[in-house]
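Here are the chains, one letter per residue:
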Amino acid sequence: ENGKWDHDPFSGEEIDGRIVGRGTIDTKNTLCAVMEAVEQYLNDNGKLKQDMYLAFSGDEETRGPSANAIVKYLQSLGVKPYMVLDEGGAILDNIFPGVKQSAALIGIAEKGYMNVSLRVNTGGGHASMPPQSMAIPILSDAVKRLNKGNLFKIKKVPATMMMFDRLASHSTSEVMRLVFANTWAFFPLIKWRVKNNKEVQSLLKTTQSFTMMEGAQAMNVLPNQARVGINYRVSTEESVEYVKQKIIKRINNPQISVSVDKSAEPTTTSSLDSPFEVLENSIRDIWGNVVCSPYLMMAGTDSRYHHDISNHVYRFSPMRMSPEERQSIHSINESISVENFKDTVRFYVNFIDRLNT
């Protein structure tokens with residue numbers, strides 16, 4: 001893939017006002033900006049008035065053990081942070097009908113995840129003498145059953161409902177303001193409106209993605225075992241065990257084993273009180289009149305572990321992000337403008353200052 005880049009993906013070159021390289025948006029920019037901001041603040045002020053912990057792991061993308069180990073260590077010291085700030089949402093435009101202002105999306109909760117394997121053992125054999133019951137058709141039927149209809153229902157997810165409420169209050173559409181200010185009455189209408197919008201649905205339900213299928217290594221061989229891999233992102237209103245039981249019930253076939261290979265429960269939902277207001281104020285100091293809105297983080301971050309030690313865990317990557325930049329994450333020609341990076345540093349300096357005033 002490196003050959004598809006216009007420039008060396010690991011050079012960090014500045015080209016036409018942009019810093020080019022893998023991870024410049026996700027999320028080397030925040031790492032570098034935090035370190036720059038701390039150094040600048042200490043140079044200007046001499047010392048911090050409050051304890052501040054910089055917790056960086058090198059294995060977040062692979063869900064390694066570092067972040068959890070950091071939290072366990074802080075727990076052993078009795079540390080209970082006033083707030084935790086990690087990567088997450090950014091400043092986006094045109095994200096809600098009728099909202100003309102830019103919106104700073106701040107993750108206050110995170111969906112859980114599950115990697116599930118469906119397996120069938122049928123004994124294998126030669127393709128010239130196929131038995132009546134074969135592993136691939138059995139698994140195909142299971143996939144068809146799971147993919148049919150709505151296995152997981154749309155529900156009122158607190159973080160998403162708070163996002164709807166906050167954004168709708170800034171909409172120029174009277175209908176939007178009315179509907180989302182009274183979700184107790186209009187939630188059936190909301191469910192109907194989003195039935196064909198998978199992106200919005202994912203904010204309100206557990207999602208299911210079929211990602212792998214394995215069988216024999218040759219075309220003329222029946223596999224001894226066949227497997228289907230499925231990835232689930234678990235709603236904060238459900239659990240890993242709940243999802244597993246839904247799978248087993250829907251498949252309804254004792255020939256198929258259902259195993260959870262890797263999982264994490266959804267997080268709790270952080271509070272929107274004074275620590276959240278500190279974050280809002282710093283965002284507005286740098287970017288002006290933006291709408292600061294909570295939201296549900298669908299991807300995974302290290303901050304999920306910090307819910308064990310704080311009720312104020314927030315996910316915000318302090319930068320403006322265009323649709324093109326969002327699509328470049330984990331892809332070719334990822335880059336960030338120099339001015340965007342400077343704003344990220346300015347934000348962290350302001351944020352540190354507010355926490356130490």
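The rules behind each value
- Residues numbered from 1 in each chain as written.
- Predicted model: local features only at pLDDT ≥ 70, side-chain atom pairs only at ≥ 80, totals over all residues.
- Heavy atoms only, no water.
- Helix = DSSP H or I, 4+ residues; strand = E, 2+ residues; numbered from the N terminus.
- Areas by Shrake-Rupley, 256 points an atom, 1.4 Å probe, with all protein chains shown as cover.
- Lys, Arg positive; Asp, Glu negative; His and termini not counted.
- Charge placed at Lys NZ, Arg CZ, Asp CG, Glu CD.
- Axes fitted to C-alpha atoms, helices over the stretch in contact; angles between N-to-C directions.
- Parallel < 35°, antiparallel > 145°, perpendicular 65-115°, else oblique.
- Left-handed = near helix turned anticlockwise from the far one by under 90°.
- Contact = heavy atoms within 4.5 Å.
- Buried < 20%, exposed > 50% of the residue type's maximum accessible area, 1.4 Å probe, protein only.
- Phe/Tyr/Trp six-rings, centres within 6.5 Å; stacked < 30°, edge-to-face > 60°.
- Lys NZ or Arg CZ within 6 Å of the ring centre and 35° of its normal.
- Pairing = 2+ DSSP bridges.
- Polar contact = N/O pair within 3.5 Å; in protein donor to acceptor, adjacent residues only side chain to side chain.

(A) Broad picture of the overall build of the protein. Summing up its helical and strand segments, the protein has eleven helices and 13 strands in all. Considering only C-alpha atoms, the protein reaches an extent of 80 × 50 × 45 Å along its principal axes. Accessible surface computed for the protein: about 18,700 Å², of which carbon and sulfur atoms make up 50%. Placing the 40 positive and 40 negative side-chain charges of the protein at their respective mean positions leaves the two points 12 Å apart.

(B) Structural context of the packing of helix α1 (residues 28-45) against helix α11 (residues 338-355). Where α1 contacts α11, the axes come no closer than 8 Å and their chain directions differ by 50°. The pairing of α1 with α11 is recorded here as oblique in orientation. Handedness of the crossing formed by α1 with α11: right-handed. Counted together, N29, T30, C32, A33, V34, E36, A37, V38, Q40 and Y41 of α1 and F341, T344, V345, Y348, V349, I352 and D353 of α11 form the full contact between these two elements.

(C) Region of interest: unusual backbone geometry. The residue after D26, namely T27, is reached through a cis peptide bond having omega -5°. As for its placement among the helices and strands, T27 is situated in the loop between β2 (18-20) and α1. Of note, the phi angle at H330 is positive, near 60°, even though the residue is not glycine. Among the secondary structure elements, H330 is positioned in the loop between α10 (323-328) and β13 (335-337). Here H330 falls in the partly exposed class, since its relative accessible area comes to 46%. One non-glycine residue with positive phi stands out, namely N333, at about 60°.

(D) Broad picture of the packing of aromatic side chains. This structure, assessed with the given rule, holds ten aromatic pairs. Centroid distance F96 to F180: 5.3 Å. Interplanar angle 70°. Geometry classified as edge-to-face. A residue pair is termed long-range when its members are at least 10 positions apart, and F96 in the loop between β3 (84-92) and β4 (103-110) and F180 in helix α5 (residues 174-181) qualify at 84 residues. Each of the two residues, F96 as well as F180, counts as buried. Summarising the aromatic geometry, the rings of F347 and Y348 are spaced 5.3 Å apart at their centres and angled 65° between planes, so their arrangement reads as edge-to-face. Comparing F347 with Y348 shows no difference in burial state: the two are buried. Members of the aromatic cluster, joined through ring pairs, are W287, F316, F347, Y348 and F351. Above the ring of Y113, the side-chain terminus of R63 is found at 3.6 Å from the ring centroid.

(E) Representation of the sheet that holds β2 within the structure. Pairing is antiparallel across the open sheet formed by three strands, whose spatial order is β1-β2-β13. Where the open sheet ends on each side, the last strands, each with one partner, are β1 (14-15) and β13. Strand direction decides the pairing type here: β2 and β13, joined by three bridges, are antiparallel. Within β13, the position partnered with R18 by the bridge is S337. Lying on the sheet, α11 is in contact with β1, β2 and β13; it crosses β13 at an angle near 75°.

(F) Fine view of the environment of N340. Mapped onto the elements of the fold, N340 is located in helix α11. On the basis of relative accessible area, N340 is assigned to the buried category, the value being 7%. Each C-alpha atom of the pair N340 and E324 lies 14 Å from the other, and the pair is 16 residues apart in sequence. Not counting residues within four places of it along the chain, the set of residues in contact with N340 comprises M319, R320 and E325. From its side chain, N340 meets the backbone oxygen of R320 in a polar contact 2.7 Å long.

(G) Looking closely at the sheet that holds strand β5 (residues 112-121). Strands sit in the order β7-β9-β5-β10 across an open sheet of four strands; the sheet is antiparallel. Each edge of the sheet is formed by a strand with only one pairing partner; in this case those strands are β7 (207-214) and β10 (257-264). Here the average twist between neighbouring strands, direction ignored, is 20°. Sheet analysis places β5 next to strand β9 (residues 225-234), joined by ten bridges and oriented antiparallel. Pairing of V120 across the sheet is with A226, part of β9. Together, β5, β9 and β10 form the strand contacts of helix α8 (residues 240-251), whose direction differs from that of β10 by roughly 160°.

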